[in-house]
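# Understanding the architecture of this molecule
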Amino acid sequence: MFKKNLKKFLYLLFVVMVPFYSFCAVISDNDGSAFITKAEFDSLKNNFQSQIDQYNNSIDNKIDNAIASYLAGITVESKQNIDSILWNANQIKKVYFSDVWAVPTTLIGDKRDVTSFFWWVFNVATYDSTNRWRMAHVGMLEAQSQTASVATVTIGNEDTIISRPEYNSKYGKYYIDNGSFWNIIPKLQVFSFVWHDNISSCTFDWSSTPTVYYDCTAVGLMSNRNSSFRAKNYTTDVTLYGCTSANYTYPNVKITYITSTVDSVKSLSDIANGNNINVLASNQVSGTVKSTLTADWNTTNNTPFATYNCNTQYGWKTVSSHINYGSSGMSVYNMNSWPSNLPTAEFYSKKNTDLSASTLIHNGWSSATGYEINYYSGIPLFTTAKKGVIELPLEFEVDGSGGGADFVIKSGPFNNSNSLGTQDIDLYLDKDMKQPFVYSGFTGSTASVKLYFEVEANKTYWIKVKSIDDKLVSVNTKESQVTLFSKA
């Protein structure tokens, strides 16, 4: 509008000026040299019009350029609120940093349980020269007890503590912030059962304590097993020795081995560094987590956890011999002889996998922010859609009394290092960026800091915090949004 009005004004000015040039009379060719001819006048008029056109074009160009320069010099500042990613992360779990972060303690211990139940009892009936009936019960049972019960014995001293991680398919990473930690005890159950069989072909010398013992046909280790916990059956022959006549062999005695584990959930408070699953690291992340993946929960390792030899380790002795003298009473002899050639069984534990702590993500914060959050990577603050100046009010709190903390803000995730690294942006205390933020952090137990800095379009900015006295430090934005100032 301004341009059009200016042009109209100039056109009117020239219209007013034109009559002043028309006072010269148009005369004939004979009026003398003081006068111009009509042809000369027409030529002058055409030249004048040409000059007017040039002036108009020049003025149009100058006006256009002036207007363009004026408009280019006008800048309108816009103010936009953008979501705080850090705030969203804090809604899942309060975001803490630790400069003494260590991986939760997991280990493969030596503790294991064995349950053995051997109950082999044979009735041996004989008559002596005085026709007195004599009977021998010979068998095996746990702890030399004659009560048919099953007892479990624990071997070893150290528990197995493992993590049962889950998998984030979006990032292709495992995570342990599900808090699933387990105490695992490999268990082996060995069963064999033969009940009261009469053996009339075997006699004993009762003048002294009979020497009665068993011998099994060796069947070797568990073999041809698959990778799942299961039962395995063996068939063996048992020979009864100590008879004055021929020894007696009892065929096809069944021995069953059952491999399993006793699983119980562990509290994080009972695991060294267990609470670190919900803490980000300011220091370098290292170490491994002994884990059993969900897909492997009922799968065994390829090699035995340990072996079990019934002949020497918690093996079961011959229980006793009872000699019956009819109505005159009964004498009991404890024979206490070990069986021999019992097959060796094997303990199997769950298949375990070593997961490097540096490859783990925190699934809760990764899901809340939409970014892959490793324990060492820091945490994102916000993402920009365009360039400008950000206003970022931060809130810090040291867990317990502390001397403060340092922090670094940068345009990307952090490396796995013991140091915070180099800041790649300049921080200020005012929007006009006249007052540089010259500190690397804050002192005291709490701090509120409002920072300003230039941001690029389509970038995510991250923060990492490091306590100066080995304390946990939390960080959040004051509100759920931060402000971006940009030029329209």
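Scroll up to find the structure this text is about.
For the structure given in this document, a descriptive report is provided here. These numbers were taken from a predicted model, which means no experiment stands behind them.

Criteria and thresholds
Residues numbered from 1 in each chain as written. Predicted model: local features only at pLDDT ≥ 70, side-chain atom pairs only at ≥ 80, totals over all residues. Heavy atoms only, no water. Pairing = 2+ DSSP bridges. Helix = DSSP H or I, 4+ residues; strand = E, 2+ residues; numbered from the N terminus. Axes fitted to C-alpha atoms, helices over the stretch in contact; angles between N-to-C directions. Phe/Tyr/Trp six-rings, centres within 6.5 Å; stacked < 30°, edge-to-face > 60°. Buried < 20%, exposed > 50% of the residue type's maximum accessible area, 1.4 Å probe, protein only. Lys NZ or Arg CZ within 6 Å of the ring centre and 35° of its normal.

## Regarding the sheet that holds strand β22 (residues 404–410)
Read across the sheet, four strands follow the order β20-β25-β22-β23 without closing on themselves; strand pairing throughout is antiparallel. Edge positions in the sheet fall to β20 (379–383) and β23 (441–443), since each has one partner strand and no second. Taken pair by pair, the neighbouring strands of this sheet meet at an average axis angle of 25°, ignoring direction.

## Quick notes on the packing of aromatic side chains
If you walk through the whole model with that rule in mind, you get 13 aromatic pairs. Seen from their ring centres, Y234 and Y257 are 5.2 Å apart, and the 90° between their planes marks the pair as edge-to-face. Of this pair, Y234 sits in strand β11 (residues 231–241) while Y257 is found in strand β12 (residues 248–265), placing the two residues 23 residues apart along the sequence. This pair shows no difference in class: Y234 is buried, exactly as Y257 is. Every member of this aromatic cluster is reached through a ring pair, and the members are F396, F407, F437, Y439 and F442. Just above the ring of F347 sits the side chain of R112; from NZ or CZ to the centre is 5.5 Å. The ring of F485 has K431 lying over it, and the distance from NZ or CZ to the ring centre is 4.9 Å.

## A word on unusual backbone geometry
Of note in the backbone geometry, N458 takes a positive phi value of approximately 60° without being a glycine. The topology assignment puts N458 in the loop between β24 (446–455) and β25 (460–467). The class of N458 is exposed, set by a relative accessible area of 64%. Even without being glycine, D470 reaches a positive phi, approximately 60°. Among the structural elements, D470 can be located in the loop between β25 and β26 (473–477).

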